Amino acid sequence: MDRALPSAAWCARIAGATLLLAAMLADAATPSELDTLKQRIAACTWCHGERGQGGRNDYNPRLEGQPEAYLYAQLKHYQRGTRAYPRMETMVRFLSDAYLHEIAQYFAALPPSGQAAGGVKVGAEVLARGRALALRGDAARGIAACAACHGRELSGVLPAAPGIAGQPYAYLSAQLGAWQSNTRRAAAPDCMAEIAQRLGGRDMQAVSAWLSTQPARAPQSPDAATREALSHCGAEVTP
Ligand code: HEC
Ligand code: HEC
């Protein structure tokens, strides 16, 4: 009978082993966290491309090389409902801020593909109108050049203004439409909402078409002019 009862020494040994095991598991936390980040990313690249370059269909946006602070802000917008897209809302609903930062960091560090996305066929006149709006704006209607805030190459401006070149036509025109219909919002003053109100449907089509023909490149550092232009926006983009 006595022999069936574990001795005090045996119990202590078991307890010690359990503590050791717990300590080993805690030590192993780093690789397993990496694994989980990899799994999260795999869920994203299914739609956003292996290197974040977009693709799979003619709507999914590219994420690679976009400013980290911009990507993080967008993930928070889907969480809060200031951007509406059910699939993206579901993807990020239960992710912690720390995770969202890691994911944003991951995609921001990937090099832009240098590719255009396209996605629409329009005539040369429409493309010329789109290019003029993007690079010069339309002073008569109070529309600033897109390049004033999104950079000379429309590839974004650090720390947080997104690149708009190289996104698919359908995605770009949907974003402008969403600002016009108030289903996408950025912090006030929401300069994109104002711009979208001023652009008519034809100009939205023209500028989205031209931008989709431009290559995706890395964001530029701010100069004095972009700093000044971006200071009119409430989004946390002012360098
Ligand atoms: C089922 C396809 C799908 C999956 C999976 C998916 N996304 Fe998306 N994602 C989209 C689409 C489509 C949009 C554009 C939605 C819109 O119009 O607002 C988008 C938008 C985004 C944007 C905003 C891009 C921009 O330029 O503003 C970010 C950031 C993003 N996704 C990150 C992620 C991350 C991170 C994951 C994984 C946790 C993920 N997505 C998983 C389809 C997907
Ligand atoms: C005064 C500065 C300013 C000007 C001018 C401007 N933008 Fe923007 N734009 C922004 C900011 C800031 C954001 C990021 C908003 C956010 O955080 O959601 C943005 C975001 C966007 C997005 C969303 C990108 C994405 O990946 O979803 C599109 C599309 C866009 N702008 C198109 C345009 C076009 C087209 C023009 C020219 C007709 C233009 N913008 C002119 C400041 C500007």
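- Looking up the chain in an unreviewed UniProt entry gives the name Cytochrome c class I, with the organism given as Mizugakiibacter sediminis.

## Points about the site of ligand 1
Line of reasoning, step 1. Close to ligand 1 lie 21 residues, the nearest being Cys44, Cys47, Gln74, Tyr85 and Met91.
Line of reasoning, step 2. Those elements that provide at least two residues to the shell around ligand 1 are helix H2 (29-48), helix H3 (68-80) and helix H4 (86-92).
Line of reasoning, step 3. With six residues, H2 is the largest single contributor of residues to the shell around ligand 1.
Line of reasoning, step 4. The residue inventory of the shell around ligand 1, partitioned by class, reads 15 nonpolar, three polar and three charged.

## Considerations on the site of ligand 2
Line of reasoning, step 1. Around ligand 2 sit 27 residues, and of these Ala144, Cys146, Cys149, Ala186 and Ala235 come closest.
Line of reasoning, step 2. If you list the elements that add at least two residues to the shell around ligand 2, you get helix H7 (146-150), helix H8 (169-180), helix H9 (191-198) and helix H11 (224-230).
Line of reasoning, step 3. No other element matches H7, which puts four residues into the shell around ligand 2.
Line of reasoning, step 4. Its residues assigned to classes, the shell around ligand 2 shows 24 nonpolar, three polar and no charged.

## Overview of H3
Line of reasoning, step 1. Taking 1.5 Å of rise per residue, 13 residues should cover 18 Å, and H3 covers 19 Å from first to last C-alpha, within 8% of that figure.
Line of reasoning, step 2. If you check which residues of H3 are buried, you get Glu68, Tyr70, Leu71, Tyr72, Ala73, Gln74, Leu75, His77 and Tyr78.
Line of reasoning, step 3. Where the residues of H3 are buried, they touch H4 and helix H5 (97-108).
Line of reasoning, step 4. Backbone geometry just after H3 places glycine 81 at a positive phi near 85°.

## Some words on the packing of H8 against H9
Helix packing geometry: the angle between the two helix axes and the distance between the axes.
Line of reasoning, step 1. As a packed pair, H8 and H9 sit with axes 8 Å apart at the nearest point and diverge in direction by 100°. Considering their axes alone, H8 and H9 lie roughly perpendicular with respect to each other. Two secondary-structure elements touch here, H8 through Leu176, Trp179 and Gln180 and H9 through Met192, Ala193, Ala196 and Gln197.
Line of reasoning, step 2. Residues of the contact of H8 with H9, tallied by class, amount to five nonpolar, two polar and no charged.

## A closer look at the packing of H8 against helix H10 (residues 201-212)
Line of reasoning, step 1. It is at 8 Å that the axes of H8 and H10 come closest, and there the two elements cross at 145°. You can see that H8 and H10 cross each other, and the crossing is right-handed. Side by side, H8 and H10 meet where Tyr169, Leu172, Ser173, Leu176 and Gly177 of the first sit next to Met204, Gln205, Ser208, Ala209, Leu211 and Ser212 of the second.
Line of reasoning, step 2. Taken together, the residues of the contact of H8 with H10 break down into six nonpolar, five polar and no charged.

Definitions and limits used
- All residue numbers refer to positions counted from 1 along the written sequence of the respective chain.
- Labels follow written order: the first chain is A, the first ligand is 1, and so on.
- Totals for whole chains, interfaces and linings use all residues, but because this is a predicted model, local features are given only for residues with pLDDT of at least 70 and pairs of side-chain atoms are given and counted only at 80 or more.
- Using the backbone to place each C-beta atom, any residue with that atom within 6 Å of a molecule or strand is considered near it.
- Secondary structure elements are defined from DSSP: runs of H or I of at least 4 residues count as helices, runs of E of at least 2 residues count as strands, and each element is numbered from the N terminus.
- Any residue outside Ala, Val, Leu, Ile, Met, Phe, Trp, Tyr, Cys, Pro, Asp, Glu, Lys and Arg is labelled polar, Gly included; the first ten of those are nonpolar and the last four are charged.
- Given the number of residues in a helix, its expected span is that number minus one, multiplied by 1.5 Å.
- Counting other C-beta atoms within 10 Å of a residue's C-beta gives its exposure: the residue is buried at 20 or more, exposed at 12 or fewer, and partly exposed in between, where C-beta atoms are placed from the backbone.
- What counts as a contact is two residues whose backbone-derived C-beta atoms lie within 7 Å of each other.
- An axis is simply a line fitted to the C-alpha atoms; with a helix, the fit covers only the stretch in contact. Between two such axes, the angle follows the N-to-C directions and lies from 0 to 180 degrees.
- When describing relative orientation, an angle under 35 degrees is termed roughly parallel and one over 145 degrees roughly antiparallel, while 65 to 115 degrees is termed roughly perpendicular and anything else oblique.
- The hand of a helix crossing depends on one turn: near helix anticlockwise from the far one by less than a right angle means left-handed, and clockwise means right-handed.

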